[in-house]
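# A structural walkthrough
If you want the building blocks of each chain, they are given just below.
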Amino acid sequence: ILMKVLKYFYILIYLFFSISTANAFLDKEGKGAQSDGKQDSSYLEAKNSNFKKGKDALKQAIKYKKKNKFEKSNKKLEKALKYFVSAYEETPDNIELLNFLGLSYYMAEDAIMSEIYYQQALVIDPKNYLTNQKLGELYFNTERIDLAKEKLEMLSSCKCEEYSLLKKVIAGKK
């Protein structure tokens, strides 16, 4: 009898640990907690991620540009673009990354590539305020005033900073 009791005891312990281990892989709704990574973009901020390295290089490029150190700025901008393009290969549907690519190419005076990435971001989120503002500025600075005004019109209902900034650019006050 003792052997049977021990056998059942071990079976219960085994089942308990099996079930609790299995539950560790489930989220609150009982679905698998594994993710394809698109829901969680925290990995983009990892210290060694290409996205983070690109942001850091872009910040330095902007800093050097403000100090009129254009050669250093251009080198940092090239690095930023390299990192952002690598990050893009990993996560092509990240709006923040697409905006940084648009900005970086714009700073590198490549309006065509800048526009491509901004438009790609708008395919994902057509009402993104920042993307619409930046694309509106690009349109204005490339003398496509009607398209810039379309972006301003799109932003008019948001009463946001992006609307005010684009309005100033189009009015020639920035």
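Up top is the structure these notes are about.
Remember, predicted model here, so these are calculated numbers, not experimental data. (Residues numbered from 1 in each chain as written. Predicted model: local features only at pLDDT ≥ 70, side-chain atom pairs only at ≥ 80, totals over all residues. Heavy atoms only, no water.)

To continue, consider the state of the cysteines. Applying the stated criterion to the full structure yields one disulfide. There is a disulfide in this structure between Cys158 and Cys160, and the S-S distance comes to 1.9 Å. One quick way to see it: the torsion about the S-S bond of Cys158 and Cys160 is about -55°, and its sign makes the bridge left-handed. (Disulfide = S-S within 2.5 Å.)

This part takes up the pattern of salt bridges. Enumeration over the complete set of coordinates arrives at four salt bridges. Residues Asp56 and Lys52 are paired through a salt bridge, measuring 3.2 Å at the closest nitrogen-oxygen approach. With a gap of four residues between them, Asp56 and Lys52 both fall in helix α2 (residues 50-66), about one helical turn apart. Across the salt bridge formed by Glu115 and Arg144, the nearest N and O atoms sit 2.8 Å from each other. Residue Glu115 is located in helix α5 (residues 111-124), and its partner Arg144 is located in the loop between α6 (129-141) and α7 (145-155); the two are separated by 29 residues in the primary sequence. What makes Glu115 buried here is its relative accessible area of 14%. (Salt bridge = Lys/Arg side-chain N within 4 Å of Asp/Glu carboxyl O. Helix = DSSP H or I, 4+ residues; strand = E, 2+ residues; numbered from the N terminus. Buried < 20%, exposed > 50% of the residue type's maximum accessible area, 1.4 Å probe, protein only.)

Once that is clear, we can look at the side chain of Asn99. With respect to the helices and strands, the residue Asn99 is situated in helix α4 (residues 95-107). A relative accessible area of 10% means that Asn99 is categorised as buried. The contact partners of Asn99, leaving out residues within four places of it in the chain, are Tyr118, Ala121, Asn128, Leu130 and Thr131. (Contact = heavy atoms within 4.5 Å.)

Here the focus is the nonpolar core. Core analysis: the biggest nonpolar cluster contains 17 residues, and Leu58, Phe84, Leu97 and Leu101 have the highest contact counts within it. Breaking this core down by element, the ones donating at least two residues are α2, α3 (70-90), α4 and α5. Here this core takes six residues from α4, the largest share from any one element. Filtering out sequence-adjacent residues up to four positions away, Leu58 remains in contact with Leu77, Ala80, Phe84, Phe100, Leu103, Ser104 and Met107. Of all hydrophobic cores here, the second largest spans 13 residues; its members include Leu135, Leu138, Tyr139 and Leu155. (Core = buried A, V, L, I, M, F, W, Y, C linked by side-chain atoms within 4.5 Å.)

The computed volume of the largest pocket comes to approximately 340 Å³. Leu103, Tyr106, Lys134, Glu137 and Asn141 are the residues nearest the centre of the largest pocket, which is lined by 13 residues in total. Of all the secondary-structure elements, those providing two or more residues to the lining of the largest pocket are α2, α4 and α6. In terms of residue count, the dominant contributor to the lining of the largest pocket is α6 (four residues). (1 Å grid on protein atoms, 1.4 Å probe; cavity = no way out; pocket = protein on both sides within 12 Å on 5 of 7 lines; lining within 4 Å. Points joined across faces, edges and corners; volume = space filled by probe spheres on them.)

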